[in-house]
Amino acid sequence: IEIQTERATEEHIKITITDNGAGMTPAVRERIFDPFYTTKPIGEGTGLGLSISHHIVVQKHNGELHCGSKLGEGTTFSITIPIAEVTH
C-alpha cells in the first residue's frame, strides 16, 4: 500500500491510497459507494464502509472521493478535501 499527500490547489489537499492487489471489475467499481453493497458472502460484510466514507468526504467535508482500478493492477482511491475548516 502506498499513501501520498499533496497540495492539489491552494485551497485543497489530495490524499491518494494505492494498492497492488487484484483490482476490481468495472461492474464492482461502479457500485462500491452504494449503501449495503458488498462482495463478501452473505453475513460477512455490511457494505457500509465505503458508503459512509463517501458521505463523510463529500457531505461533511465538501470534498471528492474517487476510485480507479484495473483487474490485475490494483486500486487507487483519491480523496480531495478543502484545507480550510468547513462550517455547517
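Residues numbered from 1 in each chain as written. Predicted model: local features only at pLDDT ≥ 70, side-chain atom pairs only at ≥ 80, totals over all residues. Heavy atoms only, no water.

(A) Quick peek at helix H2 (residues 49-60). If you check H2, its first and last C-alpha atoms are 16 Å apart, about what twelve residues at 1.5 Å a residue would give, namely 16 Å. Trailing H2 by a residue or two, Asn 62 shows a phi angle of about 55 degrees, which is positive. (Helix = DSSP H or I, 4+ residues; strand = E, 2+ residues; numbered from the N terminus. Expected span 1.5 Å × (residues − 1).)

(B) Region of the structure containing the environment of Ser 53. Its location among the elements puts Ser 53 in helix H2. On the basis of relative accessible area, Ser 53 is assigned to the partly exposed category, the value being 32%. In the structure, Ser 53 is positioned 48 residues away from Thr 5 in sequence and 18 Å away in space, judged by C-alpha atoms. (Buried < 20%, exposed > 50% of the residue type's maximum accessible area, 1.4 Å probe, protein only.)

(C) A look at the nonpolar core. With five residues, the main nonpolar core is built from Met 24, Val 28, Ile 32, Tyr 37 and Cys 67. Excluding residues within four positions of it along the chain, Ile 32 makes contact with Met 24, Tyr 37, Leu 50, Ser 51, Cys 67 and Phe 77. (Core = buried A, V, L, I, M, F, W, Y, C linked by side-chain atoms within 4.5 Å. Contact = heavy atoms within 4.5 Å.)

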